[in-house]
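The primary structure of each chain is shown beneath.
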Amino acid sequence: MEFRVKRAPRIEAEMTVPGDKSISHRAAIIAALSNGVCVLRGFLPSDDCMKTVQALRVLGIKIEHPEPDMLVVHGKKRLLTAPSAEIDCGNSATTMRLLAGLLAGQSFDSRLVGGATLSARPMGRVIVPLRKMGANIVAEGPNETAPVKIHGVKLKGGRHDLPIASAQVKSALLLAGLFAKGKTTVHEPAVSRNHTELMLNYFLVRTVREEDDSTSIFGDQVPESRDFLIPGDISSAAFWLVAAGAQPGGHLLVRRTGLNDTRTALLGVLIRMGAQVREAIEDVDQIEPRGTVEVTGAPLKGTVIQGKEIPQLIDELPILAVAGALASGTTIIRHAQELRVKETDRIAAIAHNLRAMGAQVVELDDGLEIHGRAELRGARVASFGDHRIAMAFAVAGMFADGETIVQDVECVRESYPGFEKALDEFVSSKRARLTTPVISSLTPSKAAEE
Ligand code: S3P
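**Considering the domain arrangement of the chain**
Split into domains, the chain comes out as domain 1 (2–19 + 231–449) and domain 2 (21–229). Put simply, the middle of domain 1 and the middle of domain 2, counted by C-alpha atoms, are 29 Å apart. Contact with domain 1, which involves 27 residues of that partner, is made by 30 residues of domain 2. The junction of domain 1 with domain 2 conceals about 2500 Å² of combined surface from both sides, 51% of it contributed by carbon and sulfur atoms. Three residues stand out in domain 1 for area buried against domain 2, namely Q286, I287 and E414, and they jointly supply 23% of the buried area on that side. For the pair domain 1 and domain 2, the interface holds four salt bridges. Joining domain 1 to domain 2, the criterion identifies 14 residue pairs in polar contact (both at pLDDT 80 or more). When its residues are assigned to classes, the side of domain 1 that touches domain 2 shows seven nonpolar, eight polar and twelve charged.

Set out below in structure tokens:
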């Protein structure tokens, strides 16, 4: 399957996006450990999240799926049963890494296998700290890659000082900590998304934010069953927010999206680049902030994206690189070496595709230097089997002369079912035009005030 994209007309739209991928994984896992029935609404039924659901079913958890975005999870009070087969994580690293933590402390053995892109991704980062807790876990592939074989043992707590900021590793250790003796503490070099901590607290599991910003969890707690409403995925909204932001006069409202501040660094970058961005948190009842983002487009200018900002927009870097190509001046992305071990080497993939579309790009070890305001020209580009590369270059096609063909886009289903439909509507301008003016209750974002 491929996307064929032409230059888009002016954006004037209002939309919602499907549920947050990271939160969907965590809600399903923690609900499965709880002491009763949990109804999860807003669940993302993407390939990745369904791998987590399937895995939990293999571990003996009954999960009903009455509507595409609704799960009914029958928690079994931390009681998981030995899987009768190996657990297929597809291409979902979140599934594999979080489950590695969850399964290390069970009283049974398990084996996690993955598809082609996942089988090339590093698992040592989760295996090494789990071994410190006493885990008996090995990566069977070359260079610490999947399959991951786990011999369940009783774990012991302890402190972990992570060398990289990774929410997947942090979450794996917190889940392992739930089944470990004593206290498990995780310290990361920069703040990564905190959905696991929030979700545990929502299910009344006690975690402690220590003075040095590390997070601790105590073993032997049972999550209290609760219902949860998962907000829209800001990482999916990002594609359209950048599209509207890069189009002078473009205007977009994304409603009911997650606005957790460990995920919204993208908005600050768009503001730095010259777009007008406002966010309004409308609901925090269920711990994860949810609300509206409004973007008004402008001629963008280049910026520098680096340091502690990186973990908070790591998934948005492909689309921000496209924004850089559309901006005047130079955009520099640094300290983003993690991009090299995502679904593909995203630094190489972005450089390859942007060059194919006529942009001038320098590939750095840990990022990119993009010389912007190129007249992008339509080209045939590759997804490299990576959903976010596919979607970022579909948006690039909305700004290019001629036709852009993005090849092998099936991978988009991993995080954003419905992307193609939204793309069609933006490109063909079928979307209903907004009749309401800018919402007056919107408050300027923190970044805008600084
Ligand atoms: C995720 C964490 C990030 C992110 C990924 C989802 C999560 O990965 O890139 O898409 O749900 O915890 P890392 O933990 O490898 O940084």
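**Observations concerning the pattern of salt bridges**
For side chains of opposite charge, pairing can occur when their charged atoms come near one another. Taken as a whole and assessed by the stated rule, the structure comprises 33 salt bridges. For E14, the salt bridge is made with R255, and the minimal N-O distance between the two is 2.6 Å. Taken together, the residues span a long stretch of sequence, with E14 in strand β2 (residues 12–16) and R255 in strand β15 (residues 251–258) at a distance of 241 residues. In this structure, K421 engages E425 in a salt bridge whose closest nitrogen and oxygen atoms are separated by 3.5 Å. With K421 and E425 both in helix α12 (residues 419–428), this residue pair falls four residues apart, about one helical turn. Overlapping salt bridges bring together R121, R193, D315, E343, R346, D386 and R388 as one network.

**Here's the deal with the site of the ligand**
Close to the ligand lie S22, R26, T94, R97, S166, A167, Q168, R193, I314, D315 and K342. Note that an oxygen atom of the ligand is positioned 2.7 Å from one of the side-chain N or O atoms of S22. In the environment of the ligand, an oxygen atom lies 2.9 Å from a nitrogen or oxygen atom belonging to the backbone of Q168. Taken by itself the ligand offers 380 Å² of open surface, and the protein chains cover 94% of this. Counting residues per element, the ones that place at least two in the shell around the ligand are α1 (21–33), α3 (93–104) and α5 (167–178). Across the shell around the ligand, the residue classes tally to two nonpolar, four polar and five charged. Lining the shell around the ligand are residues from two domains, each supplying at least three of them: domain 1 (2–19 + 231–449) and domain 2 (21–229).

**So, empty space enclosed by the protein**
Scanning all chains against the criterion turns up three cavities of 30 Å³ or more. Of the residues in the lining of the largest cavity, the class split is five nonpolar, four polar and three charged.

**Some remarks on the nonpolar core**
The biggest cluster of nonpolar side chains holds 81 residues, and the ones touching the most others in it are W240, L241, L252, F393, M398 and F419. Ranked by the residues each element gives to this core, the list is headed by helix α7 (residues 234–245), at nine residues. Ignoring anything within four residues of it in the chain, the contact list for L241 reads I234, L252, V254, L266, L267, L270, V293 and V295. Grouped together as the second largest cluster of nonpolar side chains are 66 residues, I61, A176, M199 and I217 included.

**Considering the pairing of strand β7 (residues 109–113)**
Relative to β7, strand β6 (residues 87–88) runs parallel, the two being bridged by two bridges. Paired with D88 across the bridge in β7 is V113. Traced from β6 through α3 to β7, the parallel crossover comes out right-handed. In this structure, β7 lies alongside strand β9 (residues 145–151), joined through four bridges in antiparallel fashion. When the sheet's bridge partners are listed, D109 is paired in β9 with H151.

**A closer look at the side chain of R263**
The topology assignment puts R263 in the loop between β15 and α8 (265–272). Within the local environment of R263, its side chain forms a polar contact with the side chain of D20, the two groups lying 2.9 Å apart. Of the polar contacts made by the side chain of R263, one reaches the side chain of D233; its length is 2.9 Å. Not counting residues within four places of it along the chain, the set of residues in contact with R263 comprises D20, S22, R193, H195, D233, I234, S235, Q312 and E316.

Here is what the cut-offs are and how they apply
Residues numbered from 1 in each chain as written. Predicted model: local features only at pLDDT ≥ 70, side-chain atom pairs only at ≥ 80, totals over all residues. Heavy atoms only, no water. Domains from an automatic or database assignment. Contact = heavy atoms within 4.5 Å. Buried area = accessible area lost by both parts, 1.4 Å probe. Salt bridge = Lys/Arg side-chain N within 4 Å of Asp/Glu carboxyl O. Polar contact = N/O pair within 3.5 Å; in protein donor to acceptor, adjacent residues only side chain to side chain. Nonpolar A, V, L, I, M, F, W, Y, C, P; charged D, E, K, R; others polar. Helix = DSSP H or I, 4+ residues; strand = E, 2+ residues; numbered from the N terminus. Near = heavy atom within 4 Å. Areas by Shrake-Rupley, 256 points an atom, 1.4 Å probe, with all protein chains shown as cover. 1 Å grid on protein atoms, 1.4 Å probe; cavity = no way out; pocket = protein on both sides within 12 Å on 5 of 7 lines; lining within 4 Å. Points joined across faces, edges and corners; volume = space filled by probe spheres on them. Core = buried A, V, L, I, M, F, W, Y, C linked by side-chain atoms within 4.5 Å. Buried < 20%, exposed > 50% of the residue type's maximum accessible area, 1.4 Å probe, protein only. Pairing = 2+ DSSP bridges. Right-handed = clockwise from strand over helix to strand, strands pointing away.

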